[in-house]
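Notes for the structure review
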Amino acid sequence: MGKVAFITGILGQDGSYLADFLLSKGYTVYGMKRRLSHEHENNIKHARDQITLVSGDLLDHTSLIQCIKKCQPDEVYNLAAQSFVPESWAQPVYTGDVTGLGVLRMLEAIKEVNPAIRFYQASSSEMFGKALETPQRESTPFYPRSPYGVAKVYGHYATVNHRESYNAFACSGILFNHESPRRGMEFVTRKITNQAAKISAGMATQLALGNLNAKRDWGFALDYVEAMWMMLQQERPDDYVVATGQTHSVREFVELAFKRLGMNITWEGEGVNERGLVDGKAVVIVDKKFYRPADVEQLVGDASKAGAQLGWKQRTSFPELVNMMVDNDVKMLKSGGS
Ligand code: F7E
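Please read these numbers as outputs of a predicted model, since none were measured by experiment. Throughout this description, residue numbers start from 1 for each chain and increase along the sequence as written. Local features in this predicted model are restricted to residues whose pLDDT is 70 or higher, and side-chain atom pairs enter the listing and the counts only when it is 80 or higher, whereas totals over whole chains, interfaces and linings include all residues. In computing side-chain properties, one takes all heavy atoms of the structure into account and sets aside hydrogens as well as water.

Re the packing of helix α1 (residues 13–24) against helix α7 (residues 221–232)
Cut-off, in case you're wondering: Each axis is a line fitted through C-alpha atoms, taken for helices only over the stretch in contact, and angles between the N-to-C directions span 0 to 180 degrees. Numbered from the N terminus, helices here are DSSP runs of H or I no shorter than four residues, and strands are runs of E no shorter than two. Here the word oblique covers every angle except those under 35 degrees (roughly parallel), over 145 (roughly antiparallel) and from 65 to 115 (roughly perpendicular). Should the near helix be turned counterclockwise from the far one by less than a right angle, the crossing is left-handed, whereas a clockwise turn marks it as right-handed. We call two residues in contact when some of their heavy atoms are within 4.5 Å. Throughout this entry, Asp, Glu, Lys and Arg are counted as charged residues, while Ala, Val, Leu, Ile, Met, Phe, Trp, Tyr, Cys and Pro are counted as nonpolar. The remaining residues, Gly among them, count as polar.
Put simply, α1 and α7 touch, their axes get as near as 9 Å, and they point 65° apart. Between α1 and α7, the angle falls in the class roughly perpendicular. Remark: the crossing between α1 and α7 carries right-handed chirality. Residues Q13, D14, Y17, L18, F21 and L22 of α1 lie in contact with α7, whose contacting residues are A221, L222, V225, E226, M228 and W229. Of the residues assigned to the contact of α1 with α7, the class counts are 9 nonpolar, 1 polar and 2 charged.

Observations regarding unusual backbone geometry
Formally: Relative accessible area decides the class of each residue, using a 1.4 Å probe on protein chains only: under 20% of the type maximum gives buried, over 50% gives exposed, and in between gives partly exposed.
Cis geometry is adopted by the peptide bond preceding P135, which originates at T134 and carries an omega value of -5°. Take P135: it is sitting in the loop between β5 (118–124) and α5 (147–166). Phi at Q72 is positive, roughly 45°, even though this residue is not glycine. For Q72, a relative accessible area of 61% translates into the label exposed. Of note in the backbone geometry, N167 takes a positive phi value of approximately 65° without being a glycine. Among the structural elements, N167 can be located in the loop between α5 and β6 (170–175).

Description of the sheet that holds strand β11 (residues 239–242)
Definition in use: The pairing criterion for strands is at least two bridges between them, as found by DSSP.
Across the sheet, which stays open at both edges, the 7 strands sit in the order β3-β2-β1-β4-β5-β6-β11 with parallel pairing between neighbours. The strands lining the two open edges of the sheet, one partner per strand, are β3 (51–55) and β11. Each neighbouring strand pair of the sheet contributes to a mean axis angle of 20°, computed without reference to strand direction. Where β5 meets β6, 6 bridges bridge the pair, whose relative direction is parallel. The residue bridging S123 from the neighbouring strand is I174, located in β6.

Re the site of the ligand
The condition that has to hold: By convention in this text, a residue qualifies as near a molecule or strand provided that one of its non-hydrogen atoms is within 4 Å of it. Each polar contact in these results corresponds to two N or O atoms within 3.5 Å; when the atoms are within protein, one needs to be able to donate a hydrogen and the other to accept it, and residues that are neighboring in sequence are counted only if both atoms are side-chain atoms. Here the bounds of each domain stem from an automatic or database domain assignment.
Around the ligand sit 24 residues in total, of which S83, S124, Y148, R292 and D295 are the nearest. Measuring from an oxygen atom of the ligand, one finds a side-chain N or O atom of K191 at 2.7 Å. Within the contact set of the ligand, an oxygen atom lies 2.7 Å away from a side-chain nitrogen or oxygen of D295. Across the shell around the ligand, the residue classes tally to 11 nonpolar, 6 polar and 7 charged. A domain split of the shell around the ligand shows at least three residues from each of domain 1 (4–180 + 217–246 + 299–316) and domain 2 (188–214 + 249–298 + 319–334).

Notes on α5
The condition that has to hold: The length a helix should cover is 1.5 Å for every residue beyond the first.
Over its 20 residues, α5 extends 28 Å from the first C-alpha to the last, a length consistent with the 28 Å expected when each residue adds 1.5 Å. Among the residues trailing α5, N167 stands out with phi positive, at a value near 65°.

Points about the packing of aromatic side chains
Keep this limit in mind: A pair of Phe, Tyr and Trp rings is counted when the ring centres sit within 6.5 Å of each other, with Trp represented by its six-membered ring. The angle between the planes then sorts it: under 30 degrees is stacked, over 60 is edge-to-face, the rest tilted.
Enumeration over the complete set of coordinates arrives at 11 aromatic pairs. The interplanar angle of 75° and the centroid separation of 5.9 Å between the aromatic rings of Y17 and F220 together place this pair among those described as edge-to-face. Residue Y17 is found in helix α1, and its partner F220 is found in strand β10 (residues 219–220); the two are separated by 203 residues along the sequence. For the pair shown, Y17 and F220 are each scored as buried.

Thoughts on the side chain of H162
With respect to the helices and strands, the residue H162 is situated in helix α5. The residues contacting H162, other than those within four sequence positions of it, are L104, L107, E108, K111, N167 and A168.

Some words on the side chain of S180
Among the secondary structure elements, S180 is positioned in the loop between β7 (178–179) and α6 (188–200). Judged by relative accessible area, S180 falls into the buried class, the value being 0%. Not counting residues within four places of it along the chain, the set of residues in contact with S180 comprises Q13, Y17, R190, F220, A221, L321 and M325.

Structural notes on the domain arrangement of the protein
We apply this condition: Buried surface area refers to the total accessible area, computed with a probe of radius 1.4 Å, that the two partners give up upon joining, counted for both partners together. Any carboxyl oxygen of Asp or Glu within 4 Å of a side-chain nitrogen of Lys or Arg constitutes a salt bridge here.
Its domain assignment divides the protein into domain 1 (4–180 + 217–246 + 299–316) and domain 2 (188–214 + 249–298 + 319–334). Summed over both sides, the interface of domain 1 with domain 2 buries roughly 1400 Å², with 67% coming from carbon and sulfur. Looking only at domain 1, the three residues that lose the most surface to domain 2 are W89, R145 and W218, adding up to 39% of its buried area. Across the contact surface, domain 1 and domain 2 share 0 salt bridges. Between the two partners, domain 1 and domain 2, sit 2 residue pairs in polar contact (both at pLDDT 80 or more).

Some remarks on the sheet that holds strand β15 (residues 281–286)
Ordered by their spatial adjacency, 4 strands build an open sheet running β8-β15-β14-β13, and the pairing between neighbours is mixed. Because the sheet does not close on itself, it has two edges, and the strands there are β8 (207–209) and β13 (266–268). When strand polarity is set aside, the average angle formed by the axes of neighbouring strands in this sheet is 30°. Lying on the sheet, α6 is in contact with β8 and β15; it crosses β8 at an angle near 160°.

Take a look at the structure:
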């Protein structure tokens, strides 16, 4: 009989790709859904009839116990979180509760209902923050720079601690930024590709961004969900960095996205006065409101442990990722989406 997976955050980018991946492997897939006043099931609508959604919330321990009793999963993937870093300064306590303590609630629920369940925790490169070594690997000390990063460190150690205290099969995947056409519009990559597509179609004139110098190790989300699954198929639970090993600035991402649309950007000015010009017109501007109280300036991961032990490798290059996202947004606009 096929295995059963229970995914929190199934309506998000990673959850929906993981559901696709597990369905293709013959899994029965359950997803947790919070009660919201409006439906937002876009990312899974192509596979909606193959996924069972159950009501639950990482803030409600009882709901987690009920979900696990109902779904009886072999594997739990905890991908739900308040995951937008700037929002974590606006809602720091809520972020700590969902993104940090929520992990512990899930681990405790598993321990109570069925300790044999294998658990994956979505840890984040944001835990490295003001990175203490480059590239960052599993042994690199954490230095989070946002309430989100702080909460992720809590979730990470809750996972490690359940493994060490209760012998739980609990893994933490330290994933660097991973993007896709399903990425939320508020994250910088999708914001760029969507607005660039609109500018190219004459539906917008400018793209306003914050820190153009920030550098990230950007991979493709579908490649990364495979690593999550691989971690739970090992003999022993462990923690793994998943990354491409390359870093690019926001400015470079902007250049590549516009290039895909046939627009070459030249830059003038610096800091808040920096502008990206196309044919003498400023299409990219900097707006201070997108700066963060403390930013993570540069991240780049070393995924050699995941390569050696899981056999994981990145399939999609950085330019392929940018082009895929731009092409998707162009197509979406043409078909009447926004
Ligand atoms: O920002 C800079 C911004 O919001 C990337 C989440 O999935 O990955 C993600 O966190 C960089 C930052 O992602 C804008 O200052 C410039 O330095 O796309 P982002 P993130 O904060 O790296 C990690 C691994 C996670 O775990 C998180 O959940 O881009 N930036 N201008 C901007 N960022 C945004 N959002 N908007 C701008 O206008």
